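Descriptive structure summary
This is what each chain is made of:
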Amino acid sequence: MAAVEENIALVRERVKSAARRAGRKEDDVLLVAVSKTVAPEVAVRAARLCHLGENYAQEFRDKLAFFNSAEARADWHFVGRLQKNKVKYVVGNCVLIHSVDSPGLAAGINKRAEALGVEAQVLIEVNQDSPAKGGVRPEEARALFDAVDGLGNVRARGLMSMPPQADNPEDSRRYFREMRDLRDTLAADFPDARELSMGMSADFETAIEEGATIVRVGSLIFGERV
């Protein structure tokens, strides 16, 4: 596997090409390098070139401590399932929380954000295929947006989803399209809801073609997890 910096450059070229095919600009798409299980020394190198995403609250806490001790900075995203008792590690330290899936979690985030005097930026996670995954069903997304809209220190910026695992990225296209249509429908009543976090290493180009504004890429940048 090439160096992290080379891998990010290669992924950015693919982002640019996919955006061009969709009649969009490269700047329309934010690349988040998902650094789950990656050594903090390696994550620091990626943070100089793009935003970083973490899946586990305690791993994020430890990585953040390393970055602080090294006087390094990053634009962090929390992209994994977040338990209410782990909110304290995340709120105030991330530019965006991708995985809000219940009014209770939103309320917990709001309480912590209020105590810190910040506004937490979040995405509503939508589950399109499996009860084993986090997220609300598409038909339940509006109710969760309503719940978040009533909170003083949380702002819902859009949607996040992960389609069923597939060998062919084309199999994910209809799920990405469904998410784009849902976002567009909700945006009529929630104008801040413009973001679409969807697409990972195997299918991010298809996601961009269907309207993704954020892609979460891990293995293409850091190598396969062991």
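Structural notes, computed from the coordinates. (Residues numbered from 1 in each chain as written. Predicted model: local features only at pLDDT ≥ 70, side-chain atom pairs only at ≥ 80, totals over all residues. Heavy atoms only, no water.)

Details of the overall build of the protein chain
- Along its length, the protein chain carries nine helices and eight strands.
- Computed over C-alpha atoms, the radius of gyration of the protein chain comes to 17 Å, within 12% of the 17 Å expected from 2.2 N^0.38 for 226 residues, which places it in the range of a compact globule.
- Oriented by its inertia axes, the alpha-carbon framework of the protein chain measures out at about 45 × 45 × 30 Å.
- Counting across all 226 residues of the protein chain, residues that qualify as buried make up 50%. (Helix = DSSP H or I, 4+ residues; strand = E, 2+ residues; numbered from the N terminus. Rg over C-alpha atoms; globule rule 2.2 N^0.38 Å. Buried < 20%, exposed > 50% of the residue type's maximum accessible area, 1.4 Å probe, protein only.)

Looking at the pattern of salt bridges
- Applying the stated criterion across every chain yields a total of 19 salt bridges.
- Ionic pairing is found between E170 and R173, a salt bridge with its closest N-O pair at 2.6 Å.
- A residue is classified by how much of its surface remains accessible, and E170, at 43% relative accessible area, is partly exposed.
- Of the charged contacts in the structure, one is a salt bridge between E210 and R177, with a shortest N-O distance of 2.8 Å. Residue E210 is found in the loop between α8 (204-209) and β8 (214-217), and its partner R177 is found in helix α7 (residues 173-187); the two are separated by 33 residues along the sequence.
- Residue classification places E210 among the buried residues on the basis of a relative accessible area of 5%.
- Under the relative-accessibility criterion, R177 is labelled partly exposed at 37%.
- Within the structure, one salt-bridge network assembled from shared partners comprises R21, E170, R173, R177, R180, D181, E209 and E210. (Salt bridge = Lys/Arg side-chain N within 4 Å of Asp/Glu carboxyl O.)

Let's talk about the nonpolar core
- Ranked by size, the top nonpolar core spans 63 residues in total, and within it L52, L82, V90, I109, I124, L159 and I221 carry the most contacts.
- Once you skip the residues sitting within four places of it in the chain, I124 turns out to touch V100, V136, L144, F145, V148, A156, G158, L159 and M160.
- If you look at the next biggest cluster of nonpolar residues, it comprises five residues, including V32, L96, L123 and I214. (Core = buried A, V, L, I, M, F, W, Y, C linked by side-chain atoms within 4.5 Å. Contact = heavy atoms within 4.5 Å.)

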